[in-house]
Amino acid sequence: MIERSNQAAMDELVGKEFPVLDAGYVRLLDVMGSDATVVERARGTTGTKAGVDPKKDRDLIRLMMRKHHGSSFEFPEVDIEFRSTFVVWRQVIRHRAGNLFDDMTMWDEPSVNELSGRYSILEDRVQVTSDGEWRRQSTTNRQGSGDCFPVIEGADFSRWEGQATGVAADTYARLINEGVANEQARKVLPLGSYTTGAMKMDLRNWLHWLSLRLAPDAQAETRAYAQAVAGIIEPLFPVTYEAFRDYVLEAVTLSRLEILMIRRHLTRWPSPDPEYAPRDLFENKREKGECKAKMIRLGLTEG
Ligand SMILES: Cc1cc2nc3c(=O)[nH]c(=O)nc-3n(C[C@H](O)[C@H](O)[C@H](O)COP(=O)(O)OP(=O)(O)OC[C@H]3O[C@@H](n4cnc5c(N)ncnc54)[C@H](O)[C@@H]3O)c2cc1C
């Protein structure tokens, strides 16, 4: 069922802070459009009317999501404020698709604003990692992390962190007190300090952002923000979000090699080991691991 308006969800969500990590949040600032907007813009291309048959409207959204017909999802816009560390904020605004120039060839910066560390005194609050939350460097993914250190070791790391960030905060305060320019003094603050900013993108790009930042290989801290953003987008655009979950977020897509691998696996059933792949099928160890993970997800092997 496509609701004509998402006003009720907006009333519920606009301005509300959704806490993330120890002192961060996401907050919906503004929304333009709803699931109905997506359908109306899509039907505009065929001259048919939205709202005549809710089931057909829903089917249309699902078809467009399935077939990557993305332009109709570009009409709704969502403006969200983040209070996050600089580490997370850098990843948030890495996505450039806020504004598109008219000539269709030039890309602008996203619609992003951030608290100015030149104009104002920055807060010295730093994201604190608790004793049990220190993750080991991943051995399989140089960008990722693995399991957590025992709490007893983590307690040392938390203490060291507290010492380092305490020195940074004191130094910042001293520099400001001495009259050093805000824009210069701020460089002593660590990347784990909190900042506040807002980013506005269209729905299509928020979904793309979510698909990357909710993924298991995204940094855990950023994933926590993505989960909070998903909690805002879903009730605002329930039909679109359901289609996104079904066809993108929780879908398994298979490469040509993976299809080959699965075919070989099925014909050799019940042998479950991707090692049956001839060496030339996956030259890359990581790709082979990803295939195995998909096969586990599909219930074809137990790992
Ligand atoms: C797990 C993970 C690890 C990452 N690691 C790194 C890293 O180590 N170093 C690093 O620098 N980045 C890293 N990134 C950032 C990543 O490379 C992308 O820059 C970021 O995720 C934005 O993705 P995007 O370009 O698809 O999205 P957006 O910038 O939001 O763009 C959305 C879509 O618009 C189109 N688009 C945008 N700009 C252009 C353009 N100029 N020309 C043509 N089409 C365009 C593309 O289709 C794009 O997919 C990482 C991202 C993730 C999720």
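Structure report, in brief.

Conventions adopted
Residues numbered from 1 in each chain as written. Predicted model: local features only at pLDDT ≥ 70, side-chain atom pairs only at ≥ 80, totals over all residues. Heavy atoms only, no water. Helix = DSSP H or I, 4+ residues; strand = E, 2+ residues; numbered from the N terminus. Buried < 20%, exposed > 50% of the residue type's maximum accessible area, 1.4 Å probe, protein only. Areas by Shrake-Rupley, 256 points an atom, 1.4 Å probe, with all protein chains shown as cover. Core = buried A, V, L, I, M, F, W, Y, C linked by side-chain atoms within 4.5 Å. Contact = heavy atoms within 4.5 Å. Pairing = 2+ DSSP bridges. Axes fitted to C-alpha atoms, helices over the stretch in contact; angles between N-to-C directions. Near = heavy atom within 4 Å. Polar contact = N/O pair within 3.5 Å; in protein donor to acceptor, adjacent residues only side chain to side chain. Nonpolar A, V, L, I, M, F, W, Y, C, P; charged D, E, K, R; others polar. Expected span 1.5 Å × (residues − 1). Arc of directions from axis to C-beta.

## Examining the overall build of the protein chain
Part 1 of the reasoning: Within the protein chain, the regular secondary structure consists of eleven helices and seven strands.
Part 2 of the reasoning: Within the protein chain, the proportion of its 303 residues that are buried is 40%.
Part 3 of the reasoning: Working note: accessible area of the protein chain is about 18,000 Å², and carbon and sulfur atoms make up 51% of it.

## What about the nonpolar core?
Part 1 of the reasoning: In terms of nonpolar packing, the biggest core is built from 48 residues, with Val 26, Phe 82, Trp 206, Trp 209, Leu 210 and Ile 233 touching the most fellow members.
Part 2 of the reasoning: Top contributing element to this core by residue count: helix α8 (residues 220-236), with nine residues.
Part 3 of the reasoning: In contact with Leu 210, not counting residues within four places along its chain, are Ala 215, Ala 226, Val 229, Ala 230, Ile 233, Tyr 241, Phe 244 and Leu 249.
Part 4 of the reasoning: Membership of the second largest hydrophobic core comes to eight residues, among which are Leu 257, Met 261, Phe 282 and Met 295.

## Considering the sheet that holds strand β1 (residues 17-20)
Part 1 of the reasoning: With antiparallel pairing, five strands are arranged side by side in an open sheet as β1-β2-β3-β7-β4. Of all the strands in the sheet, just β1 and β4 (111-114) have a single pairing partner and so form its edges. For this sheet, the mean inter-axis angle between neighbouring strands, taken without regard to orientation, is 20°.
Part 2 of the reasoning: Pairing geometry for β1 and strand β2 (residues 24-32), over four bridges, is antiparallel. Residue pairing in the sheet places Glu 17 in a bridge with Arg 27 of β2.
Part 3 of the reasoning: Its contacts with the sheet place helix α7 (residues 203-213) against β3 (77-85) and β7 (194-202), and it is angled at close to 125° to β7.
Part 4 of the reasoning: Relative to β2, α8 is tilted by about 30°, and along the sheet it contacts β1, β2, β3 and β7.

## Focus on the pairing of β2
On any regular strand, side chains alternate: one points to one face of the sheet, the next to the other face.
Part 1 of the reasoning: Once β1 ends, the chain turns through three residues before running back antiparallel as β2, passing Leu 21 with a positive phi of about 55°.
Part 2 of the reasoning: Pairing analysis gives seven bridges linking β2 to β3, with the strands arranged antiparallel. From the neighbouring strand, Asp 30 faces β3, where its bridge partner is Asp 79.

## Side note on the site of the ligand
Part 1 of the reasoning: Of all residues adjacent to the ligand, which total eleven residues, the nearest are Arg 94, His 95, Arg 96, Gln 143 and His 208.
Part 2 of the reasoning: Within the side chain of Arg 94, an N or O atom sits 2.8 Å from an oxygen atom of the ligand.
Part 3 of the reasoning: A distance of 3.4 Å separates an oxygen atom of the ligand from a polar atom in the side chain of Arg 213.
Part 4 of the reasoning: Each residue belonging to the shell around the ligand can be placed in one class, and the counts come to three nonpolar, four polar and four charged.

## Points about helix α11 (residues 285-297)
Part 1 of the reasoning: If you check α11, its first and last C-alpha atoms are 18 Å apart, about what 13 residues at 1.5 Å a residue would give, namely 18 Å.
Part 2 of the reasoning: Lys 288, Cys 291 and Met 295 are the residues of α11 that are buried. All buried residues of α11 fall inside an arc of 55° around its axis, so they share one side.
Part 3 of the reasoning: Among the structural elements, α10 (256-267) are those in contact with the buried residues of α11.
Part 4 of the reasoning: Capping the start of α11, Asn 284 holds a side-chain oxygen 2.8 Å from the backbone nitrogen of Arg 286, two or three residues further along.
Part 5 of the reasoning: At the exit of α11 stands Gly 299, carrying a positive phi of roughly 75°.

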